[in-house]
Amino acid sequence: MGEEQERYKELVLREYDEIWNKGNFEFADKAVHPEFTDHPPTRFFDVGRTGPDALIEAGRSFRNAFPDFHDTPELVLAEGDTVA
């Protein structure tokens with residue numbers, strides 16, 4: 001795997017920790033491009049899917065329901081500029 005894909009994976013893991021685990025929503029403005037498009041699994045809440053605001057809305061809605069949420073991703077894959 002290339003150095004660029006490793007950087008993308010590190011950024012996604014940090015974003016996951018900052019927003020989903022810690023509730024640090026301001027991190028989205030630093031980490032997510034304005035043209036970012038979220039591709040979530042089916043959600044039980046309705047939020048936007050484009051730009052940092054999409055991530056902020058989703059994280060805020062989720063953490064309002066589960067304020068003590070903490071998770072550790074077990075598998076992160078990267079190909080080109082796509083990370084899952």
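Going by the structure above, here's the rest.
Read on for a plain summary of the structure. (Residues numbered from 1 in each chain as written. Predicted model: local features only at pLDDT ≥ 70, side-chain atom pairs only at ≥ 80, totals over all residues. Heavy atoms only, no water.)

## Looking at the packing of helix α1 (residues 3-21) against helix α3 (residues 51-65)
Relative orientation of the contacting elements α1 and α3 amounts to 50 degrees, with a least axis distance of 9 Å. Classed by the angle they form, the pair α1 and α3 counts as oblique. When α1 is examined against α3, the residues Glu15, Ile19, Trp20 and Asn21 are found in contact with a partner set consisting of Leu55, Ala58, Gly59, Phe62 and Arg63. Grouping the constituent residues of the contact of α1 with α3 by class yields five nonpolar, two polar and two charged. (Axes fitted to C-alpha atoms, helices over the stretch in contact; angles between N-to-C directions. Helix = DSSP H or I, 4+ residues; strand = E, 2+ residues; numbered from the N terminus. Parallel < 35°, antiparallel > 145°, perpendicular 65-115°, else oblique. Contact = heavy atoms within 4.5 Å. Nonpolar A, V, L, I, M, F, W, Y, C, P; charged D, E, K, R; others polar.)

## A word on the environment of Val83
For Val83, the location among the structural elements is in strand β2 (residues 82-83). Given the relative accessible area of 23%, Val83 is considered partly exposed. Between the alpha carbons of Val83 and Gln5 there is a distance of 8.1 Å; along the sequence they are 78 residues apart. The contact partners of Val83, leaving out residues within four places of it in the chain, are Tyr8, Lys9, Val12, Val76, Leu77 and Ala78. (Buried < 20%, exposed > 50% of the residue type's maximum accessible area, 1.4 Å probe, protein only.)

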